Each structure stands twice: as structure tokens, then as C-alpha cells.
Amino acid sequence: MSVLITNIGELVTNQPERDADLDPGGAGPVAGRRAADAAREVTGRGAADAGGEDSGRRAADGAREVPGRRAADVPGEVSRRGAADAAREGSGRPAGPGAGSGGPGPFAAISDAALVIDEGRVAWFGPASRAPAADEMVDADGRAVLPGFVDSHAHLVFAGERGAEFAARMAGQPYRAGGIRTTVAATRNATDDELRANLRRLAAEMLAQGITTFECKSGYGLTVPDEARSVSIAAEFTPEVTYLGAHVVPPEFDGNPDGYVDLVCGEMLDACAPHAQWVDVFCERGAFGRDEAAAVLAAGQAAGLRPRVHANQLTAGPGVQLAVQVGAASADHCSNLTDADVDALACSDTVATLLPGVEFSTRHPYPDGRRLVDAGATVALATDCNPGSCFSSSMPLCIALAVREMHLTTREAVWAATAGGARALRRTDVGHLGTGGRADLIMIDAPSHAYLSYRPGVPLITSVWRAGERVA
Ligand SMILES: [Zn+2]
């Protein structure tokens with residue numbers, strides 16, 4: 001059954017609008033299936049090629065026309081900043097794995113829009129005045145619709161809580177990586193059902209707040225059976241499961257970190273790899289050094305897992321360079337970067353995933369998001385929801401912090417929380433609302449995406465769809 005959402009004040013698609021009925025030289029009025037098919041064909045070839053098939057004018061205008069027109073369509077700060085800035089935002093993105101394969105494009109939004117969902121996918125989007133008929137209609141009444149948030153970094157398999165540690169930290173005690181051991185002890189003592197119930201609660205909490213795709217790490221078990229059950233339970237809730245046996249060295253390996261790395265790269269990996277897609281390591285003073293981290297990632301890759309790295313959180317260590325060298329999908333935190341680190345990220349496909357909820361919750365300095373975007377790095381925002389350094393599952397909080405504290409524009413922050421997260425997970429079906437994309441979307445009780453940071457702390461999300469189903 002198809003659903004038409006109409007009267008959308010602002011539709012953020014992260015996909016250039018290329019429906020056949022909008023082409024002045026095109027085939028004319030919308031004809032339902034035909035328009036949708038045409039749009040899907042064009043989408044599949046990517047922005048650079050979009051104009052090639054028909055008139056020379058469209059081909060010539062393609063890349064430069066679209067960003068300029070977006071700027072004119074978007075109200076407020078963006079239009080005042082003008083087309084040049086908008087083009088920089090768009091063209092600053094390297095052509096990542098999504099480009100040309102239907103994945104997320106640059107930030108793009110249209111006003112007075114409509115969108116059609118059919119069989120769990122976006123079948124059509126465009127001006128409300130040209131919307132085709134559908135089996136069911138939802139009136140957005142001027143509200144904004146955005147892609148569902150893609151949270152590419154979360155630690156949700158754990159037991160216990162660390163509210164007292166947070167209170168002590170706010171009273172002046174510093175955060176140290178070793179605090180993870182508190183949660184490790186609680187997790188080892190929990191039953192499978194307790195871990196599962198906690199994860200179910202957090203996944204529901206995320207979904208209600210607009211996170212329609214999330215990654216979930218192990219890393220609070222740190223024994224072979226406890227890590228294996230962690231990834232196995234995570235896999236019940238998300239396909240994006242990360243093996244993080246190398247989170248910290250557990251107490252029983254004090255004085256023998258090499259012995260623990262051997263376990264992480266050997267028996268523990270063998271037990272976890274069947275349930276995971278990703279391998280991660282906390283490359284940080286007090287956790288794992290460069291050579292240890294490199295060994296963990298290499299072993300994971302040999303077992304078929306793809307790498308991602310906790311990098312440069314507390315110190316300007318070797319994590320980012322290592323992430324880029326091994327072709328990691330993402331270097332996460334990036335709170336302390338050298339110029340060489342920024343250059344390395346800008347010249348690679350490794351996404352810089354920023355986790356500003358951590359800096360908020362630890363009172364550490366925020367990463368310089370503006371510097372990364374200006375350098376041309378691909379930036380994602382994620383919650384890092386975990387019981388220690390950031391017990392928040394709120395992507396709108398991350399967006400507000402990214403705008404207020406890291407000097408991203410409202411467009412850049414929303415892009416990073418949707419399309420950026422998809423890039424960090426190497427996903428092309430989510431993070432955008434282009435034709436053929438998975439119909440994961442949120443409606444907010446506001447006329448534009450800017451309200452997510454303009455009205456911080458206000459629960460603006462009124463509805464959530466995942467794969468075309470209304471779930472919140
Ligand atoms: Zn983390």
C-alpha cells in the first residue's frame with residue numbers, strides 16, 4: 001500500500017531532485033509509476049551524470065545549477081549565505097562510496113513538498129502540487145520531514161549505570177578510560193535476558209527520537225563468552241554490529257596487555273566474527289597503542305570484518321593516521337587532531353565521526369568540526385550512547401551541539417547526522433530520501449531542519465517511519 005505525505009514545509013532529501021516531470025525538456029505530467037521509474041533510473045547514475053541523457057543544456061547546467069537552486073529554496077540563514085557557500089558545502093564532499101550508486105548526496109531540501117512511500121521505499125518526491133495519487137494520505141501541515149537519523153557509534157550491550165561517576169566528574173574528577181571497567185564488571189554479572197532487555201529499551205528510546213539505523217558495539221564483556229554473547233545479542237537488534245574486544249585491557253590481564261591482544265586477535269575474534277560486520281579498537285593512552293591497535297584491526301580484517309577506530313579522543317595519538325592507513329570506514333571522536341590528521345581525513349574515504357555528547361558529558365573541549373568540513377573531510381555525527389562518557393541517545397542534542405559548539409551550519413549538522421552516518425557505515429540505502437532509498441524518515445513539529453538546533457532540548461519529533469512503516 002502506497003502512502004503520500006503531503007504539505008511538507010521542508011523536505012530534506014540529501015538527494016538532488018531529478019524527477020522527469022521537473023525537467024523542462026522532459027516527458028510532461030506526472031504519470032505515477034512512470035515518473036517514479038524515471039527518477040529511479042536517473043538516481044542510479046549519480047549527480048554528475050544526471051543531465052547526460054537528454055538536452056545539452058541540462059547536462060551543462062547539472063552540477064552548478066543544483067546547489068544554487070537549493071540555496072534559493074531554503075529559508076533563513078542559508079539563503080543569505082548564498083549560492084557560493086551552498087556550493088562549497090556540496091562540492092566539499094568527496095565522492096564517497098554512496099556517490100553514483102543511489103547513496104546519500106549533498107544536503108538538499110525542497111519547500112512545499114510531497115513524498116510517496118511504496119513497499120518500504122521512497123517511490124517519489126517533489127513539489128506537493130505535482131504529487132501522484134496514493135492509497136493513503138498523510139497531511140504534514142507544513143511540518144518538515146527529514147531522513148531518519150543514522151547513529152554510527154553506540155555502545156548498548158551493557159548492564160549497570162554510572163550516574164555516581166558522572167556526578168563525581170561534574171564535581172571535578174577527571175574522566176579516564178579505565179572507568180569502562182566498572183561497566184565490564186556489571187555486564188559480566190548480568191544474564192543474557194538482562195542485557196537483551198536493556199538493549200531493547202535503548203533501541204526503542206533511539207527509535208522514538210528518530211534514529212532509524214544504529215550501530216552497536218560489544219566491549220563490556222572482554223572475555224571470550226561475554227564478548228561472543230554481546231555481539232550475538234546486538235545482532236538481534238541491528239545488522240550493524242561491531243566487535244570491540246579491544247575496548248580496554250580487563251583487570252585479569254593487568255601487566256600482560258600483549259596476552260590480552262593475543263586473545264582479542266585469536267580465540268575471542270573467532271567467537272565473535274560470525275555475529276559482527278565491523279572490528280573496532282580504542283586507540284588511546286590507557287587503552288591500546290598504535291601497534292596493538294594495528295594488530296587488532298588486521299586480525300579483524302583477516303576474519304572478514306571491516307575496520308573502524310576510536311581515534312584521538314583524549315590525546316592527539318596515532319588513531320586517525322592508523323584509521324586512514326587501513327582504510328577504516330570511520331575514525332571516531334577526532335577531538336584532538338594535528339594538521340596532518342585533518343589532511344589525512346580530508347584526502348581519504350575515512351569518515352570523521354564526531355561525538356559531541358561525549359564532550360558535553362565530560363566537559364572536554366569539543367572537536368573542531370568547522371576545521372574538518374572546511375578541509376573537505378566527510379563528517380558524521382553519532383551519539384556514542386554508553387553508560388560512562390555519554391549516556392544520551394539524543395541525535396538532536398548532537399546536532400544542536402555541533403551547530404552551537406563545533407560551528408557547523410544547521411545544514412551540515414543535519415547532513416552529518418543522516419547522510420554522514422550512512423557514509424560512516426558504508427550504507428547507500430539510508431541517510432537520504434532519494435527515490436529508491438529506504439523509507440526511513442522523521443517528521444518534526446517545525447517548518448525546517450534548523451529548528452533541531454534552534455529549539456534545543458524540545459521534543460520536536462512527532463512521527464517516525466522505518467522501512468515505510470510508521471513506528472513512532
Ligand atoms: Zn565509543
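Conventions used here
Residues numbered from 1 in each chain as written. Predicted model: local features only at pLDDT ≥ 70, side-chain atom pairs only at ≥ 80, totals over all residues. Heavy atoms only, no water. Helix = DSSP H or I, 4+ residues; strand = E, 2+ residues; numbered from the N terminus. Contact = heavy atoms within 4.5 Å. Areas by Shrake-Rupley, 256 points an atom, 1.4 Å probe, with all protein chains shown as cover. Buried < 20%, exposed > 50% of the residue type's maximum accessible area, 1.4 Å probe, protein only. Axes fitted to C-alpha atoms, helices over the stretch in contact; angles between N-to-C directions. Left-handed = near helix turned anticlockwise from the far one by under 90°. Nonpolar A, V, L, I, M, F, W, Y, C, P; charged D, E, K, R; others polar. Donors = N, O, S within 2.8 Å, 3.2 Å for Na, K, Ca; no water. Tetrahedral: all angles 85-135°; square planar, octahedral: opposite > 155°, others 65-115°. Polar contact = N/O pair within 3.5 Å; in protein donor to acceptor, adjacent residues only side chain to side chain. Salt bridge = Lys/Arg side-chain N within 4 Å of Asp/Glu carboxyl O. Phe/Tyr/Trp six-rings, centres within 6.5 Å; stacked < 30°, edge-to-face > 60°. Lys NZ or Arg CZ within 6 Å of the ring centre and 35° of its normal.

**Thoughts on the overall build of the chain**
Here is step 1: When you go through the chain residue by residue, the secondary structure sums to 17 helices and 16 strands.
Here is step 2: Counted over contacts in the chain with a minimum sequence separation of 6, partners at least 24 positions apart contribute 74%.
Here is step 3: A total accessible area of about 17300 Å² is found for the chain, and carbon and sulfur atoms account for 51% of it.

**Some thoughts on helix H12 (residues 339-346)**
Here is step 1: Buried within H12 we find Asp341, Val342, Ala344, Leu345 and Ala346.
Here is step 2: Where H12 is buried, its residues meet helix H11 (319-325), strand E11 (330-333), strand E12 (351-354) and helix H14 (369-375).

**Considerations on the packing of helix H15 (residues 395-406) against helix H16 (residues 410-424)**
The geometry of a pair of packed helices is captured by two quantities: the angle between their axes and the separation between those axes.
Here is step 1: At a closest axis distance of 9 Å, the pairing of H15 and H16 adopts a crossing angle of 140°. Crossing of H15 against H16: the hand is right-handed. Contacts from Met395, Ile399, Ala402 and Val403 of H15 reach H16 at Thr410, Ala413, Val414 and Ala417.
Here is step 2: Its residues assigned to classes, the contact of H15 with H16 comprises 7 nonpolar, 1 polar and no charged.

**Quick look at the coordination of the zinc ion**
Here is step 1: The protein atoms donating to the zinc ion are His153 (NE2), His155 (NE2), His310 (NE2) and Asp384 (OD), with metal-donor distances spanning 2.0 to 2.6 Å.
Here is step 2: One can describe the site at the zinc ion as irregular: its 4 donor atoms subtend angles covering 78 to 172° at the metal.
Here is step 3: Written as a sequence motif, the donor residues of the zinc ion are H-x1-H-x154-H-x73-D. Separated by 231 residues along the polypeptide, His153 in the loop between strand E6 (149-151) and helix H4 (163-170) and Asp384 in the loop between strand E13 (379-381) and H15 bring together distant segments of the chain. Accessibility classification places His153 together with Asp384 in one group, the buried group.

**Re the environment of Ala377**
Here is step 1: Within the fold, Ala377 resides in the loop between H14 and E13.
Here is step 2: Taking C-alpha positions, Ala377 is 6.9 Å from Ala352, a pair spaced 25 residues apart along the chain.

**Focus: the side chain of Ser335**
Here is step 1: With respect to the element layout, Ser335 can be found in the loop between E11 and H12.
Here is step 2: Reaching out from Ser335, the side chain makes a polar contact with the side chain of Glu359 at a distance of 2.6 Å.
Here is step 3: Residues contacting Ser335, with those up to four places away along its chain left out, are Asn312, Gln313, Glu359 and Pro367.

**Here we look at the pattern of salt bridges**
Here is step 1: Within this structure, the stated rule accounts for 20 salt bridges.
Here is step 2: Close ionic contact of Asp445 with Arg143 constitutes a salt bridge, the shortest N to O distance being 3.2 Å. Placement of Asp445 in the loop between strand E14 (441-444) and helix H17 (451-454) and of Arg143 in the loop between strand E4 (136-139) and strand E5 (144-147) is noted, with a sequence separation of 302 residues between them.
Here is step 3: You can call Asp445 partly exposed: its relative accessible area is 45%.
Here is step 4: Here Arg143 falls in the partly exposed class, since its relative accessible area comes to 24%.
Here is step 5: For Asp254, the salt bridge identified is with Arg181, shortest N-O distance 2.6 Å. Of this pair, Asp254 sits in the loop between strand E8 (240-246) and helix H8 (257-265) while Arg181 is found in helix H5 (residues 180-188), placing the two residues 73 residues apart along the sequence.

**Some words on the packing of aromatic side chains**
Here is step 1: Evaluation of the coordinates by the stated rule reveals 5 aromatic pairs.
Here is step 2: When the ring of Phe158 is compared with that of Phe391, the centres are 5.9 Å apart and the planes differ by 75°; the resulting orientation is edge-to-face. Remark: Phe391 occurs in the loop between E13 and H15 and Phe158 occurs in the loop between E6 and H4; sequence separation between them is 233 residues.
Here is step 3: Ring centres of Tyr451 and Tyr454 lie 4.9 Å apart, and the angle between their planes is 90°; this geometry places the pair in the edge-to-face category. Of the two residues, Tyr451 and Tyr454 both sit in helix H17, 3 residues apart, roughly one turn of that helix.
Here is step 4: You can call Tyr451 partly exposed: its relative accessible area is 24%.
Here is step 5: Clustering of aromatic rings is evident, with ring pairs tying together Phe158, Tyr220 and Phe391.
Here is step 6: When the ring centre of Trp278 is taken as reference, the NZ or CZ atom of Arg306 above it lies at 4.3 Å.
Here is step 7: When the ring centre of Trp465 is taken as reference, the NZ or CZ atom of Arg470 above it lies at 5.4 Å.

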